[in-house]
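# A look at the structure
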Amino acid sequence: MSDQGNLSHTPPRLVLVTGPSGSGRSTALKALEDIGFEAIDNMPSSLVPRLVRARLERPLALGLDTRNRDFSVDALLTLVEALASLPDTSFDLLYLDCSEDALIRRFAETRRRHPLRPDLPPADGVGLETRLLKTVRSRADMLIDTSALSPHDLRAEIVQLFAPQGRVAMGVQVQSFSYKRGIPRGVDMVFDCRFLNNPHWQPELRSFDGRDPAVAEFIMQDARALPFFDKIHALVESLLPEFAEQGKPLIMVALGCTGGQHRSVAMAEKLANALARGPWRVSKRHRELERKAGVEASANG
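Read on for a plain summary of the structure. Note that this is a predicted model, so its numbers are computed, not measured.

Let us now look at the environment of G19. Mapping G19 onto the fold places it in the loop between β1 (13–18) and α2 (25–34). The exposure class of G19 is buried, given its relative accessible area of 1%. For G19 and L275, which are 256 residues apart along the polypeptide, the C-alpha to C-alpha distance reads 40 Å. What G19 contacts, discounting residues up to four positions off in sequence, is L64, D65, Y95, L96, E129 and L133.

Turning our attention to the packing of aromatic side chains. Applying the stated criterion across every chain, the model contains 3 aromatic pairs. Ring centres 6.2 Å apart and planes at 85° place the aromatic pair F37 and F162 in the edge-to-face group. Here F37, found in the loop between α2 and β2 (38–41), pairs with F162, found in helix α8 (residues 151–162); they are 125 residues apart in sequence, far enough to count as distant. Residue classification places F37 among the buried residues on the basis of a relative accessible area of 2%. The cationic tip of R194 hangs over the ring face of Y179; the distance from NZ or CZ to the ring centre is 3.7 Å. Taking NZ or CZ as reference, K270 lies 4.9 Å from the ring centre of F229, over its face.

A few words now on the sheet that holds β1. Spatially, the 5 strands line up as an open sheet ordered β2-β3-β1-β4-β5, and their pairing is parallel. Two strands lie at the open edges of the sheet, namely β2 and β5 (142–145), each paired on one side alone. Pairwise comparison of adjacent strand axes, ignoring direction, gives a mean angle of 20° for this sheet. Alignment of β2 against strand β3 (residues 60–63), held across 4 bridges, turns out to be parallel.

Reading the values: the criteria
Residues numbered from 1 in each chain as written. Predicted model: local features only at pLDDT ≥ 70, side-chain atom pairs only at ≥ 80, totals over all residues. Heavy atoms only, no water. Helix = DSSP H or I, 4+ residues; strand = E, 2+ residues; numbered from the N terminus. Buried < 20%, exposed > 50% of the residue type's maximum accessible area, 1.4 Å probe, protein only. Contact = heavy atoms within 4.5 Å. Phe/Tyr/Trp six-rings, centres within 6.5 Å; stacked < 30°, edge-to-face > 60°. Lys NZ or Arg CZ within 6 Å of the ring centre and 35° of its normal. Pairing = 2+ DSSP bridges. Axes fitted to C-alpha atoms, helices over the stretch in contact; angles between N-to-C directions.

Dropping the structure here:
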């Protein structure tokens, strides 16, 4: 049987994430989401059976703990047994353990109140929750002690446990933009293309954008264009493995020019195509072209 045939019979994964407040559930769910799970946090446990009754189309991660409005240990254990008995589903109960001293320290550092004892010192709530969850802990299929783990370390543990072959390709988004409208928020690297020859001043090219072959050819005829591209390509390629090693799920690279129509678009297209030949999940976005298309669609509608 072919590998593709084997994959088609792989049962969908369902992971229930629980543990004491402050143990890292939100970080774990975000890490699962980054490797392809649909993640839902603090869903009432009484609604979970309805959610999973239909066949799961993609891996699902659910976060439940004592903050759920209908939480009880008995109800959670009953739910666990029901999920474990689902046909054609690979189910795991992931328990994030943590020492009481570490939990108390985390609550003190963040100045948060414990949800079970908001009017008392955090130690009271931590102790109560630890006792409540003792039976749930003993039922866990997987247990991660987060006492000495940083968020980065916990993310790495999650990837190791749940990603195919313990790894997942990091996403890279390459986008173009106009400096007139500002640098996009959240980008990791920015490159300025405004020194290159501008097709805007060529009447026969002005109405096209950087995705047009004639526009791209005009830009690359600039003697500075290819050396510039080679340098940014080499820099980005050299940094991506380092970002991946740090567990980053997505790196955003932005290239800008004056109007975001020609030079930055052509360079972003060229860079995205080059990076796509590597192991990364590459996507591209042209902010100003998307905005222009949206305005035109509204005017025509």
